[in-house]
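# Structural features, examined
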Amino acid sequence: MSKDTKNTKVTLKVDDDTHRKLLEVVSKLQIKKGRRVTMDEAIKELINHAGY
């Protein structure tokens, strides 16, 4: 990834149920890590868990 695109922000549209489940992932990660976790961190964790 180039430096120009690394900090680019985008909007993702997801169903309400998907959003709710992503918030659950964020919550569990916050408990596990003992600190605030962003949606971006949660998505990265899911990607890494999937093996990508």
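Residues numbered from 1 in each chain as written. Predicted model: local features only at pLDDT ≥ 70, side-chain atom pairs only at ≥ 80, totals over all residues. Heavy atoms only, no water.

### Some thoughts on the overall build of the protein chain
Quick note on the threshold: A run of H or I in DSSP becomes a helix once it reaches four residues, and a run of E becomes a strand once it reaches two; helices and strands are each numbered from the N terminus. The size measure is the radius of gyration over C-alpha atoms, and the globule rule it meets is 2.2 Å times the number of residues to the 0.38 power. Buried, partly exposed and exposed residues are distinguished by accessible area as a fraction of the type maximum, computed with a 1.4 Å probe on protein chains only: under 20%, between the cut-offs, and over 50%, respectively.
Counting secondary structure elements, the protein chain contains three helices and zero strands. Over its C-alpha trace the protein chain gives a radius of gyration of 12 Å, far above what one expects of a compact globule, namely 10 Å for 52 residues. Each principal axis of the C-alpha atoms in the protein chain carries an extent, and together these give about 30 × 25 × 25 Å. Buried positions account for 10% of the 52 residues belonging to the protein chain.

### Looking at the nonpolar core
Put simply, the rule reads: Within this scheme, the nonpolar core is defined by two criteria: the residues are buried Ala, Val, Leu, Ile, Met, Phe, Trp, Tyr or Cys, and they are joined through side-chain atoms within 4.5 Å. Whether two residues are in contact is decided by their heavy atoms, any of which lying within 4.5 Å being enough.
Counting residues in each nonpolar core, the largest one holds five residues, listed as Leu22, Val26, Leu29, Val37 and Ala42. Sort the elements by how many residues they give to this core and helix H2 (residues 16-33) lands first, with three residues. Leu22 has contacts with Met39, Ala42, Ile43 and Leu46, leaving out every residue within four places of it along the chain.

### Digging into H2
Condition: Multiplying one less than the number of residues by 1.5 Å gives the expected span of a helix. What the arc covers is the set of directions going from the helix axis to the C-beta atoms.
Its 18 residues place the ends of H2 26 Å apart at the C-alpha level, agreeing with the 26 Å of an ideal helix rising 1.5 Å per residue. When we look at burial in H2, the residues that qualify are Leu22, Val26 and Leu29. The buried side chains of H2 occupy one side of the element, clustering within an arc of 65° when seen end-on. Facing away from the buried side of H2 by over 90 degrees, the exposed positions are Asp16, Lys28 and Ile31. Buried residues along H2 sit against helix H3 (39-49). Looking one or two places after H2, you find Gly34, whose phi comes out positive at around 70°.

### Thoughts on the pattern of salt bridges
How we decide: One speaks of a salt bridge when a side-chain nitrogen belonging to Lys or Arg is within 4 Å of a carboxyl oxygen belonging to Asp or Glu.
All chains considered together, the criterion is met by four salt bridges. The shortest N-O distance in the salt bridge between Lys21 and Asp17 comes to 3.2 Å. Of the two residues, Lys21 and Asp17 both sit in helix H2, four residues apart, roughly one turn of that helix. The partner of Asp40 in a salt bridge is Lys44, and the shortest N-O contact between them spans 3.1 Å. Of the two residues, Asp40 and Lys44 both sit in helix H3, four residues apart, roughly one turn of that helix. The exposure class assigned to Asp40 is partly exposed, which follows from its relative accessible area of 44%.

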